[in-house]
Amino acid sequence: MLPVTKALMLFTDLALVIYFTVTGLGLIPPEWAFNGYSDPVVADWNWSFLWIDLAASATGLASLYLLRRSSPSGPGLMLVSLVLTMASGLMAIAFWTLRGDFSLLWWLPNLYLLLFPIPAIVCLTRSRAGVPAS
């Protein structure tokens, strides 16, 4: 089942945990931070992603573990993780769009979060619906 997606999930799930650890420790250099990073409301917006991102990471890492053990729960949990990851990317892109703020440094990672899950989501939903995955 899409070995590239599994590798991307592992990378992404660990990167999300690292991002919030680095952010929590205040280690992001100001020149790399997004616009409004020091604004308390924007900082709260950023931290509001903690729970969806940690849920995506936890379900993603658990699904990879279960898939390695051929557990029937693995694909369903993988689907949950990928949908959470995609939602997180979509929410961030929507925010930056509404603000009229375009920075490749922040758009590219969020577009990645939005787009990389799509092939696996299609594959997983087709196979769960009884349609052979192509």
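In this report, the structure presented in the accompanying data block is examined. Source: prediction; values computed, not measured. (Residues numbered from 1 in each chain as written. Predicted model: local features only at pLDDT ≥ 70, side-chain atom pairs only at ≥ 80, totals over all residues. Heavy atoms only, no water.)

### Observations regarding the side chain of Thr-85
Short version of the rule: Numbering of helices and strands runs from the N terminus; a helix is a DSSP stretch of H or I covering at least four residues, while a strand is a stretch of E covering at least two. Think of it in three bands: with a 1.4 Å probe and only protein chains considered, a residue is buried below 20% of the maximum accessible area for its type, exposed above 50%, and partly exposed in between. Here a polar contact is taken to be a pair of N or O atoms separated by no more than 3.5 Å, where protein atoms must pair a possible hydrogen donor with a possible acceptor and residues adjacent in sequence count only if both atoms sit in side chains. What makes two residues a contact is simply this: any of their non-hydrogen atoms within 4.5 Å.
Its location among the elements puts Thr-85 in helix α4 (residues 74-99). Residue class for Thr-85 comes out buried when judged on its relative accessible area of 2%. A distance of 2.9 Å separates a polar atom in the side chain of Thr-85 from the backbone oxygen of Ser-81. Not counting the four nearest positions on each side in its chain, Thr-85 is found in contact with Thr-12, Ala-56, Leu-113, Phe-116 and Pro-117.

### Quick word on helix α3 (residues 50-68)
The condition is simple: To estimate the expected span of a helix, subtract one from its residue number and multiply by 1.5 Å.
Under the 1.5 Å per step criterion, the end-to-end length of α3 is 27 Å for 19 residues, consistent within 8% with the ideal 27 Å. Along α3, the positions that sit buried rather than exposed are Leu-50, Ile-52, Asp-53, Ala-56, Ser-57, Thr-59, Gly-60, Ser-63, Leu-64 and Leu-67. In this fold, the buried residues of α3 make contact with α1 (3-24), α2 (40-47) and α4. Positioned one or two residues after α3, Ser-70 has a phi angle of 55°, which is positive.

### A short note on the packing of aromatic side chains
Put simply, the test is: Centres within 6.5 Å are what make two rings of Phe, Tyr or Trp a pair, Trp counting through its six-membered ring; a difference in plane orientation under 30 degrees is then read as stacked, over 60 as edge-to-face, and the rest as tilted.
Per the stated rule, a full pass over the model turns up nine aromatic pairs. Between Tyr-19 and Trp-106, the ring centres sit 6.2 Å apart and the planes meet at 75°, which makes this aromatic pair edge-to-face. Here Tyr-19 is found in helix α1, whereas its partner Trp-106 is found in helix α5 (residues 104-115), with 87 residues between them in sequence. A residue is classified by how much of its surface remains accessible, and Trp-106, at 14% relative accessible area, is buried. Aromatic pair Trp-45 and Phe-95: ring centres 4.0 Å apart, planes at 15°, arrangement stacked.

### Some remarks on the nonpolar core
Put simply, the rule reads: Remark: nonpolar core denotes a set of buried residues (Ala, Val, Leu, Ile, Met, Phe, Trp, Tyr, Cys) joined through side-chain atoms within 4.5 Å.
Counting residues in hydrophobic clusters, the biggest one holds 13 residues, and the most contacted among them are Phe-34, Trp-45, Phe-49, Ala-92 and Trp-96. The leading source of residues in this core is α4, at four residues. In this view, Trp-96 contacts Phe-34, Asn-35, Trp-45, Asp-101, Trp-106, Trp-107 and Asn-110; residues no more than four positions away in its chain are not counted. Counting residues in hydrophobic clusters, the runner-up holds 10 residues, among them Met-9, Met-78, Ala-120 and Leu-124.

### Observations concerning a nonpolar patch on the surface
Applicable threshold: Patch membership requires over 30% relative accessible area and the absence of a salt bridge. Like charges are linked within 9 Å, and nonpolar side chains (Val, Leu, Ile, Met, Phe, Trp, Tyr) within 5 Å. Only the protein chains shown count as cover for residues, and the accessible areas themselves come from Shrake-Rupley with a 1.4 Å probe. Each reported salt bridge corresponds to a side-chain nitrogen of Lys or Arg within 4 Å of a carboxyl oxygen of Asp or Glu.
On the surface, Leu-10, Leu-14, Ile-18 and Leu-61 cluster together into a nonpolar patch covering about 330 Å² of accessible area. When residues in the nonpolar patch are grouped by element, the largest group, three residues, is from α1. Turning to its location among the elements, Leu-14 is positioned in helix α1.

### Considering the side chain of Asp-101
Here is the rule: None of His or the chain ends enter the tally, which takes Lys and Arg as positive and Asp and Glu as negative.
Secondary-structure assignment places Asp-101 in the loop between α4 and α5. Notably, Asp-101 is buried but unbridged: the nearest opposite-charge side chain belongs to Arg-99, and the N-O separation is 4.6 Å. Asp-101 has contacts with Asn-35, Trp-96 and Trp-107, leaving out every residue within four places of it along the chain.

### Details of unusual backbone geometry
Phi at Ser-70 is positive, roughly 55°, even though this residue is not glycine. Relative to the helices and strands, Ser-70 resides in the loop between α3 and α4.

Read these as layout, nothing more, since geometry by itself doesn't imply function.
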